[in-house]
Amino acid sequence: MSHQPHKDFAGAKLGMWLFLFTELLLFGGLFLLYAVYFKRYPHEFAAGGKQLNWIMGAANTVILLTSSLFAAMAVTAVQLGERRRAVQLIGGTIICAAGFMVIKYIEWSAKIGHGIFPGSEHLKGGPPGESVFFSLYFMTTGIHGLHVLIGAALLAWVAAGVKGERVTSGNYILLENGALYWHLVDLIWIFIFPLYYLIL
(Lines give C-alpha, C1' and ligand atoms only; values in the text may rest on other atoms or scores of the structure.)
Protein backbone atom coordinates (compact mmCIF):
# COMPACT_ATOMS: atom_id res chain seq x y z
CA MET A 1 0.00 0.00 0.00
CA SER A 2 2.92 2.37 0.59
CA HIS A 3 3.49 2.70 -3.15
CA GLN A 4 -0.10 3.78 -3.87
CA PRO A 5 0.38 7.50 -3.15
CA HIS A 6 3.26 7.61 -5.63
CA LYS A 7 0.98 6.15 -8.31
CA ASP A 8 -1.64 8.75 -7.44
CA PHE A 9 0.94 11.53 -7.71
CA ALA A 10 2.12 10.25 -11.09
CA GLY A 11 -1.46 10.01 -12.33
CA ALA A 12 -2.31 13.49 -11.09
CA LYS A 13 0.78 14.93 -12.76
CA LEU A 14 0.05 13.11 -16.02
CA GLY A 15 -3.53 14.40 -15.92
CA MET A 16 -2.25 17.94 -15.45
CA TRP A 17 0.17 17.63 -18.37
CA LEU A 18 -2.67 16.36 -20.60
CA PHE A 19 -4.83 19.31 -19.52
CA LEU A 20 -1.98 21.75 -20.21
CA PHE A 21 -1.63 20.20 -23.66
CA THR A 22 -5.28 21.04 -24.44
CA GLU A 23 -4.59 24.61 -23.27
CA LEU A 24 -1.61 24.79 -25.63
CA LEU A 25 -3.89 23.63 -28.46
CA LEU A 26 -6.33 26.45 -27.65
CA PHE A 27 -3.68 29.18 -27.69
CA GLY A 28 -1.86 27.47 -30.55
CA GLY A 29 -5.04 27.89 -32.60
CA LEU A 30 -5.15 31.60 -31.75
CA PHE A 31 -1.48 32.02 -32.70
CA LEU A 32 -2.14 30.17 -35.96
CA LEU A 33 -5.00 32.58 -36.74
CA TYR A 34 -2.62 35.44 -35.98
CA ALA A 35 -0.01 34.03 -38.40
CA VAL A 36 -2.56 33.60 -41.21
CA TYR A 37 -3.92 37.14 -40.89
CA PHE A 38 -0.51 38.69 -40.29
CA LYS A 39 0.61 37.30 -43.64
CA ARG A 40 -2.46 38.87 -45.23
CA TYR A 41 -2.32 42.25 -43.43
CA PRO A 42 1.32 42.85 -42.36
CA HIS A 43 1.14 46.68 -42.54
CA GLU A 44 -2.19 46.93 -40.71
CA PHE A 45 -0.92 44.58 -37.97
CA ALA A 46 2.22 46.72 -37.57
CA ALA A 47 0.06 49.87 -37.36
CA GLY A 48 -2.17 48.20 -34.76
CA GLY A 49 0.82 47.08 -32.70
CA LYS A 50 2.13 50.66 -32.57
CA GLN A 51 -1.13 51.68 -30.86
CA LEU A 52 -0.48 49.32 -27.95
CA ASN A 53 1.53 50.44 -24.93
CA TRP A 54 4.68 48.29 -25.02
CA ILE A 55 5.82 49.67 -21.63
CA MET A 56 2.70 48.25 -19.99
CA GLY A 57 3.21 45.01 -21.91
CA ALA A 58 6.83 44.83 -20.73
CA ALA A 59 5.77 45.58 -17.13
CA ASN A 60 3.28 42.71 -17.28
CA THR A 61 6.00 40.42 -18.67
CA VAL A 62 8.27 41.22 -15.70
CA ILE A 63 5.34 40.75 -13.29
CA LEU A 64 4.49 37.30 -14.68
CA LEU A 65 8.13 36.16 -14.75
CA THR A 66 8.45 37.23 -11.10
CA SER A 67 5.21 35.44 -10.22
CA SER A 68 6.49 32.22 -11.83
CA LEU A 69 9.66 32.46 -9.75
CA PHE A 70 7.53 32.84 -6.59
CA ALA A 71 5.42 29.81 -7.58
CA ALA A 72 8.53 27.65 -8.14
CA MET A 73 10.02 28.82 -4.82
CA ALA A 74 6.74 27.96 -3.07
CA VAL A 75 6.99 24.35 -4.28
CA THR A 76 10.55 24.14 -2.92
CA ALA A 77 9.44 25.69 0.39
CA VAL A 78 6.68 23.07 0.83
CA GLN A 79 9.12 20.28 -0.01
CA LEU A 80 11.37 21.61 2.77
CA GLY A 81 8.44 21.76 5.19
CA GLU A 82 8.48 25.59 5.33
CA ARG A 83 4.72 26.09 5.30
CA ARG A 84 4.64 29.75 6.29
CA ARG A 85 7.22 30.69 3.67
CA ALA A 86 5.30 28.71 1.04
CA VAL A 87 2.06 30.57 1.86
CA GLN A 88 3.91 33.91 1.63
CA LEU A 89 5.37 32.97 -1.76
CA ILE A 90 1.99 31.85 -3.10
CA GLY A 91 0.62 35.15 -1.79
CA GLY A 92 3.34 36.93 -3.77
CA THR A 93 2.24 35.09 -6.91
CA ILE A 94 -1.39 36.11 -6.34
CA ILE A 95 -0.38 39.75 -5.75
CA CYS A 96 1.52 39.66 -9.06
CA ALA A 97 -1.60 38.24 -10.75
CA ALA A 98 -3.63 41.15 -9.36
CA GLY A 99 -1.01 43.62 -10.61
CA PHE A 100 -1.12 42.02 -14.05
CA MET A 101 -4.91 42.34 -14.20
CA VAL A 102 -4.83 45.99 -13.05
CA ILE A 103 -2.43 46.88 -15.88
CA LYS A 104 -4.56 44.91 -18.35
CA TYR A 105 -7.68 46.76 -17.12
CA ILE A 106 -5.94 50.13 -17.64
CA GLU A 107 -4.88 49.07 -21.15
CA TRP A 108 -8.30 47.81 -22.17
CA SER A 109 -10.04 50.87 -20.68
CA ALA A 110 -7.76 53.21 -22.67
CA LYS A 111 -8.44 51.34 -25.91
CA ILE A 112 -12.20 51.17 -25.35
CA GLY A 113 -12.17 54.86 -24.35
CA HIS A 114 -10.64 55.67 -27.75
CA GLY A 115 -13.35 53.64 -29.49
CA ILE A 116 -11.02 50.74 -30.27
CA PHE A 117 -12.81 47.46 -29.58
CA PRO A 118 -14.30 44.69 -31.76
CA GLY A 119 -17.25 45.97 -33.78
CA SER A 120 -16.60 49.64 -32.95
CA GLU A 121 -17.35 52.37 -35.48
CA HIS A 122 -13.69 53.45 -35.34
CA LEU A 123 -12.48 50.04 -36.52
CA LYS A 124 -15.32 49.61 -39.03
CA GLY A 125 -14.22 52.86 -40.66
CA GLY A 126 -10.57 51.85 -40.84
CA PRO A 127 -8.72 49.22 -42.89
CA PRO A 128 -10.03 45.65 -42.39
CA GLY A 129 -6.63 44.39 -41.24
CA GLU A 130 -6.64 46.76 -38.27
CA SER A 131 -10.05 45.46 -37.19
CA VAL A 132 -8.77 41.89 -37.42
CA PHE A 133 -5.67 42.77 -35.37
CA PHE A 134 -7.64 44.28 -32.51
CA SER A 135 -10.26 41.50 -32.58
CA LEU A 136 -7.45 38.96 -32.16
CA TYR A 137 -5.79 41.16 -29.53
CA PHE A 138 -8.91 41.40 -27.37
CA MET A 139 -9.76 37.72 -27.84
CA THR A 140 -6.26 36.44 -27.04
CA THR A 141 -5.53 38.76 -24.11
CA GLY A 142 -9.08 38.28 -22.80
CA ILE A 143 -8.78 34.48 -22.74
CA HIS A 144 -5.30 34.79 -21.24
CA GLY A 145 -6.61 37.19 -18.57
CA LEU A 146 -9.30 34.65 -17.68
CA HIS A 147 -6.54 32.06 -17.24
CA VAL A 148 -4.69 34.46 -14.93
CA LEU A 149 -7.81 34.81 -12.75
CA ILE A 150 -8.38 31.03 -12.70
CA GLY A 151 -4.72 30.42 -11.85
CA ALA A 152 -4.80 32.96 -9.00
CA ALA A 153 -7.99 31.39 -7.58
CA LEU A 154 -6.44 27.92 -7.84
CA LEU A 155 -3.29 29.05 -6.03
CA ALA A 156 -5.36 30.77 -3.30
CA TRP A 157 -7.15 27.46 -2.74
CA VAL A 158 -3.81 25.61 -2.62
CA ALA A 159 -2.45 28.20 -0.14
CA ALA A 160 -5.42 27.42 2.13
CA GLY A 161 -4.45 23.75 1.78
CA VAL A 162 -0.87 24.53 2.83
CA LYS A 163 -2.13 26.48 5.87
CA GLY A 164 -4.53 23.66 6.77
CA GLU A 165 -1.73 21.09 6.36
CA ARG A 166 -3.57 19.30 3.54
CA VAL A 167 -0.61 20.21 1.30
CA THR A 168 2.61 19.05 2.98
CA SER A 169 6.17 18.00 2.19
CA GLY A 170 4.85 14.46 1.69
CA ASN A 171 1.82 15.44 -0.38
CA TYR A 172 2.41 18.56 -2.47
CA ILE A 173 1.01 17.47 -5.85
CA LEU A 174 -1.75 20.14 -5.69
CA LEU A 175 0.82 22.90 -5.35
CA GLU A 176 3.07 21.38 -8.00
CA ASN A 177 0.18 21.16 -10.46
CA GLY A 178 -0.95 24.69 -9.57
CA ALA A 179 2.56 25.97 -10.23
CA LEU A 180 2.67 24.08 -13.56
CA TYR A 181 -0.57 25.76 -14.62
CA TRP A 182 0.85 29.13 -13.60
CA HIS A 183 4.05 28.53 -15.59
CA LEU A 184 1.88 27.84 -18.66
CA VAL A 185 0.04 31.15 -18.15
CA ASP A 186 3.44 32.87 -17.98
CA LEU A 187 4.76 31.02 -21.05
CA ILE A 188 1.74 31.98 -23.17
CA TRP A 189 2.19 35.66 -22.27
CA ILE A 190 5.84 35.45 -23.37
CA PHE A 191 4.47 34.65 -26.86
CA ILE A 192 1.65 37.22 -26.73
CA PHE A 193 3.93 40.12 -25.75
CA PRO A 194 6.22 40.18 -28.82
CA LEU A 195 3.47 39.16 -31.27
CA TYR A 196 1.23 42.09 -30.34
CA TYR A 197 3.38 44.71 -28.63
CA LEU A 198 6.73 44.43 -30.44
CA ILE A 199 5.45 43.79 -33.94
CA LEU A 200 7.44 45.66 -36.62
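Conventions and cut-offs
- Residues numbered from 1 in each chain as written.
- Predicted model: local features only at pLDDT ≥ 70, side-chain atom pairs only at ≥ 80, totals over all residues.
- Heavy atoms only, no water.
- Helix = DSSP H or I, 4+ residues; strand = E, 2+ residues; numbered from the N terminus.
- Buried < 20%, exposed > 50% of the residue type's maximum accessible area, 1.4 Å probe, protein only.
- Contact = heavy atoms within 4.5 Å.
- Areas by Shrake-Rupley, 256 points an atom, 1.4 Å probe, with all protein chains shown as cover.
- Lys, Arg positive; Asp, Glu negative; His and termini not counted.
- Charge placed at Lys NZ, Arg CZ, Asp CG, Glu CD.

## Some thoughts on the overall build of the chain
Here is step 1: For the chain, the count of helices and strands is seven helices and zero strands.
Here is step 2: Taken from the N to the C terminus, the helices and strands of the chain come in the order α-α-α-α-α-α-α.
Here is step 3: When its C-alpha atoms are laid out on the principal axes, the chain stretches across 65 × 30 × 25 Å.
Here is step 4: By the burial criterion, 41% of the 200 residues in the chain qualify as buried.
Here is step 5: Partitioning the intrachain contacts of the chain with sequence separation of at least 6 by distance along the chain shows that 82% fall at a separation of at least 24.
Here is step 6: Accessible surface for the chain amounts to roughly 10500 Å². Of this, 71% is attributable to carbon and sulfur atoms.
Here is step 7: The averaged location of the 10 negative side-chain charges in the chain is 2 Å from the averaged location of its 13 positive side-chain charges.

## Observations concerning the environment of Ile143
Here is step 1: Within the fold, Ile143 resides in helix 6 (residues 128-163).
Here is step 2: It is 22 Å that separates the C-alpha atoms of Ile143 and Lys50, two residues lying 93 residues apart in sequence.
Here is step 3: Setting aside anything within four residues of it in sequence, one finds Ile143 in contact with Leu26, Phe27 and Leu30.

In short, geometric facts, not functional conclusions.
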